[in-house]
Amino acid sequence: MLEVRVLFFARSRELAGTNETTVSLEDGSSTKTLLLLLFQQYPQLEELRGNFVFSLNHEYLGTDEEQQLKAGDEVAVIPPISGG
Amino acid sequence: MEQPGVALQEGACYAEVTPDALDQSKYVELVADPGAGAIASFVGVTRNSFQGKATERLEYEAYIPMAAKKLMEVCRQACSKWQVRRMAVAHRTGTVLVGEASVVIAVSSAHRRDALEACHWAIDELKATVPIWKKEIFQGGEVWKENEEWRQQQAAARLAERGTAAAEGEVAAQHFAGSAQPGAG
């Protein structure tokens with residue numbers, strides 16, 4: 001098993017009801033697996049489906065990009081940004 | 001939810017995410033340089049209305065370490081695109097009242113055109129790439145804003161991604177057709 005830290009921001013934070021969580025995944029799991037798990041664990045996130053991206057260790061992932069996860073990775077749910 | 005800030009300095013570039021009020025003059029002074037003939041600056045402030053509704057305040061939230069990293073990338077890219085002497089970008093988090101600054105950019109260059117263009121490009125790039133969010137609190141409600149610059153960049157990235165995926169799919173299909181032919185014949 002591997003553990004990753006998942007952070008929620010803005011609308012995703014409100015929907016999840018928390019800033020962050022730790023998720024345990026099978027070794028070799030990818031961001032796609034994590035996505036499925038997050039929707040199971042936080043069905044409220046459905047509101048944002050298709051309207052957020054992940055970042056992995058402070059770099060954006062593409063909408064359809066799949067990356068293998070390793071222990072200690074930091075993933076964030078990034079809804080549309082609005083800085084400035 | 002008060003988030004402590006972070007400041008990064010790399011060569012001629014300075015990037016900061018801070019919960020404190022922003023002072024434009026601090027960043028203009030930061031980019032002062034004897035080789036500069038111009039300093040351009042941009043200050044983004046909270047406006048009192050949006051589409052006819054009275055805005056009370058904005059609440060900013062940042063993914064602090066990634067936001068600082070992305071602000072630094074904006075600086076570095078601007079410095080590689082234009083002849084910049086020094087550059088500073090700062091973004092505030094937390095409550096920003098009407099008339100207060102949420103973002104300050106300052107750029108110095110030998111000649112004005114570089115500073116002006118780098119400054120203009122940097123605010124657009126910041127709005128497209130730096131993980132910071134604002135909630136607008138107006139009379140009778142609140143809403144998470146979404147930057148048009150982010151939407152456009154995401155749409156372009158998806159198009160590129162799917163273009164590549166479609167092209168790869170085509171290659172795979174051709175390969176399959178090619179390898180299937182001998183068996184079929």
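- Chain B is annotated in an unreviewed UniProt entry as Molybdopterin synthase catalytic subunit from Chlorella vulgaris.
- Reading the Subunit (unreviewed entry) entry of the UniProt record for chain B gives the comment "Heterotetramer; composed of 2 small (MOCS2A) and 2 large (MOCS2B) subunits."
- The heading Catalytic activity (unreviewed entry) in the UniProt record of chain B holds the text "2 [molybdopterin-synthase sulfur-carrier protein]-C-terminal-Gly-aminoethanethioate + cyclic pyranopterin phosphate + H2O = molybdopterin + 2 [molybdopterin-synthase sulfur-carrier protein]-C-terminal Gly-Gly + 2 H(+)".

- Chain A is annotated in an unreviewed UniProt entry as Molybdopterin synthase sulfur carrier subunit of Chlorella vulgaris.
- Note on chain A: under the UniProt heading Pathway (unreviewed entry), the record states "Cofactor biosynthesis; molybdopterin biosynthesis."
- Per its UniProt entry, chain A bears the Sequence similarities (unreviewed entry) comment "Belongs to the MoaD family. MOCS2A subfamily."

Remarks on the pairing of strand β1 (residues 6-10) of chain B
In regular strands, side chains alternate between the two faces of the sheet.
Point 1. Where β1 of chain B meets strand β2 (residues 13-18) of chain B, five bridges bridge the pair, whose relative direction is antiparallel. Across the sheet, the residue bridging to E10 of chain B is C13 of chain B, located in β2 of chain B.

Describing the sheet that holds strand β1 (residues 2-8) of chain A
Residue and element names in this part refer to chain A.
Point 1. Taken in spatial order, the five strands line up as β2-β1-β5-β3-β4 in an open sheet, and their pairing is mixed. Each edge of the sheet is formed by a strand with only one pairing partner; in this case those strands are β2 (20-25) and β4 (59-60).
Point 2. In this sheet, β4 lies alongside strand β3 (residues 53-56) in antiparallel orientation, the contact comprising two bridges. For S55, the partnering residue across the bridge sits in β4 and is Y60.
Point 3. Its contacts with the sheet put helix α2 (residues 31-41) on β1, β2, β3 and β5 (74-78), and the angle it makes with β2 is roughly 120 degrees.

Cut-offs applied
Residues numbered from 1 in each chain as written. Chains lettered and ligands numbered in written order. Predicted model: local features only at pLDDT ≥ 70, side-chain atom pairs only at ≥ 80, totals over all residues. Heavy atoms only, no water. UniProt positions renumbered as here; feature names shortened; annotations may be inferred. Pairing = 2+ DSSP bridges. Helix = DSSP H or I, 4+ residues; strand = E, 2+ residues; numbered from the N terminus. Contact = heavy atoms within 4.5 Å. Axes fitted to C-alpha atoms, helices over the stretch in contact; angles between N-to-C directions.

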